[in-house]
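A closer look at the structure
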Amino acid sequence: MTHIALDNDLPGITGLMANRPDTAAPLNHLAETLLRAPASLPQGERELIAAYVSHLNRTPFCAGSHSAFAAAQLVEGQALVDAVLADPATAPIDAKLRALLAVAAEVQAAARAVSDEAVAEARRAGASDADLHDTVLIAASFCMFNRYVSCLDTALPESDDYYLKSAHRITTVGYGRAVSVSG
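Computed from a predicted model, the values in this text were never measured in an experiment. (Residues numbered from 1 in each chain as written. Predicted model: local features only at pLDDT ≥ 70, side-chain atom pairs only at ≥ 80, totals over all residues. Heavy atoms only, no water.)

1. Points about the packing of aromatic side chains
Pairs of aromatic rings are described using the distance from one ring centre to the other and the angle between the two planes. In the structure shown here, the tally under the stated rule is five aromatic pairs. With centroids separated by 6.0 Å and ring planes inclined at 50°, the aromatic side chains of phenylalanine 61 and tyrosine 162 adopt a geometry described as tilted. You can see phenylalanine 61 sitting in helix H4 (residues 60–73) and its partner tyrosine 162 sitting in helix H9 (residues 161–173), a full 101 residues away along the chain. Residue phenylalanine 61 shares its accessibility class with tyrosine 162, and that shared class is buried. With a centroid separation of 5.0 Å and an interplanar angle of 50°, the aromatic rings of phenylalanine 142 and phenylalanine 145 are classed as tilted. Taken together, the residues phenylalanine 142 and phenylalanine 145, both in helix H8 (residues 129–151) and three residues apart, mark about one turn of the helix. In this pair, the class of phenylalanine 142 matches that of phenylalanine 145, namely buried. One aromatic cluster is present, built from ring pairs that chain together Phe61, Tyr162 and Tyr163. (Phe/Tyr/Trp six-rings, centres within 6.5 Å; stacked < 30°, edge-to-face > 60°. Helix = DSSP H or I, 4+ residues; strand = E, 2+ residues; numbered from the N terminus. Buried < 20%, exposed > 50% of the residue type's maximum accessible area, 1.4 Å probe, protein only.)

Here it is as structure tokens:
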């Protein structure tokens, strides 16, 4: 049971946002900017970074949601997402994304400077300043989002279909209008 009273029975962050539209608006704007606005990294890869950080943080709702969002936007779909979550070192991804996931993992692990080695490896693989900035900000933001969801002990969806329906909403209307009382 969620640690706070909600005025709905929606799972995860969806229930928190439906309950508090005043805090939902800036959080959705942040997610929309980080994950969907024009950027050097494709939307699917940015969602994959969010899914990976959420997986590392052991936040099933966020990992499930962003895995579905990434899969819906990556040509290789869920198989690639599963491979990355299992082990980015052996997943069939390019060196740049592998290096950026390593940067994201360092951000997730501790609030300190990313190692010079991780930054150098990302640069060798072709990462730009914008790629590094966005990866660090996505990873840091998802540590916050994950804690918001986990620390208030939000519910998980009753069915994995929830994630697929959410992925359709996110990829068609974005984060700002994605909260739906119908689930």
